[in-house]
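Results of the structural survey
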Amino acid sequence: MAYKEEHQKIGLNVLYQRRLRGWTQEELSSRSGISRARISDIENGKETFTLVSIMSLGEAFEIDYRELLKY
């Protein structure tokens, strides 16, 4: 099954949270342990991701990871 639309919406949440903090993709990468290229793909809806990745991003943002899943 393809969930491209959902991935795009979640990616926009990641982008929003990153920009809200004024962070670059490099900074988010450093804080989350996820490569900059992968973050770019997530933000652009090009990358599938695991729950572990979303949890790592939530931890980096210091928010509940479920906030990133809302759309």
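Here goes a summary of the coordinates provided. Worth saying up front: this structure is predicted, and the values here are computed from it rather than measured.

Rules of the game
- Residues numbered from 1 in each chain as written.
- Predicted model: local features only at pLDDT ≥ 70, side-chain atom pairs only at ≥ 80, totals over all residues.
- Heavy atoms only, no water.
- Helix = DSSP H or I, 4+ residues; strand = E, 2+ residues; numbered from the N terminus.
- Areas by Shrake-Rupley, 256 points an atom, 1.4 Å probe, with all protein chains shown as cover.
- Lys, Arg positive; Asp, Glu negative; His and termini not counted.
- Charge placed at Lys NZ, Arg CZ, Asp CG, Glu CD.
- Salt bridge = Lys/Arg side-chain N within 4 Å of Asp/Glu carboxyl O.
- Buried < 20%, exposed > 50% of the residue type's maximum accessible area, 1.4 Å probe, protein only.
- Arc of directions from axis to C-beta.
- Contact = heavy atoms within 4.5 Å.

Bringing the overall build of the protein into the picture now. Scanning the protein for helices and strands turns up 5 helices and 0 strands. Ordered by position in the sequence, the α and β elements of the protein form the string α-α-α-α-α. Its C-alpha atoms put the protein at 30 × 25 × 20 Å along the principal axes. Put simply, the protein shows about 4600 Å² of open surface, and 49% of that area lies on carbon and sulfur atoms. Each charge class in the protein was averaged separately, 11 positive and 11 negative side chains, and the resulting centres sit 3 Å apart.

A word on the pattern of salt bridges. Here the structure, examined in full by the defined rule, presents 6 salt bridges. For R66, the salt bridge is made with D64, and the minimal N-O distance between the two is 2.6 Å. Residue D64 is classed as partly exposed on the basis of its relative accessible area of 33%.

To continue, consider helix α4 (residues 51-61). For α4, every residue scored as buried is listed here: S53, I54, L57, G58, A60 and F61. Looking straight down α4, one finds its buried side chains confined to an arc of 160°; they lie on one side. Set apart from the buried face of α4 by more than 90 degrees, the exposed residues are V52 and E59. Directly beyond the C-terminal end of α4, a positive phi value near 60° is found at E62.

With respect to the helices, strands and loops of the structure, S56 is situated in helix α4. S56 sits in the partly exposed class, given a relative accessible area of 23%. Remark: the alpha-carbon pair of S56 and I34, spanning 22 residues in sequence, is separated by 8.0 Å. Apart from residues lying up to four places away in sequence, S56 is in contact with S32 and I34.

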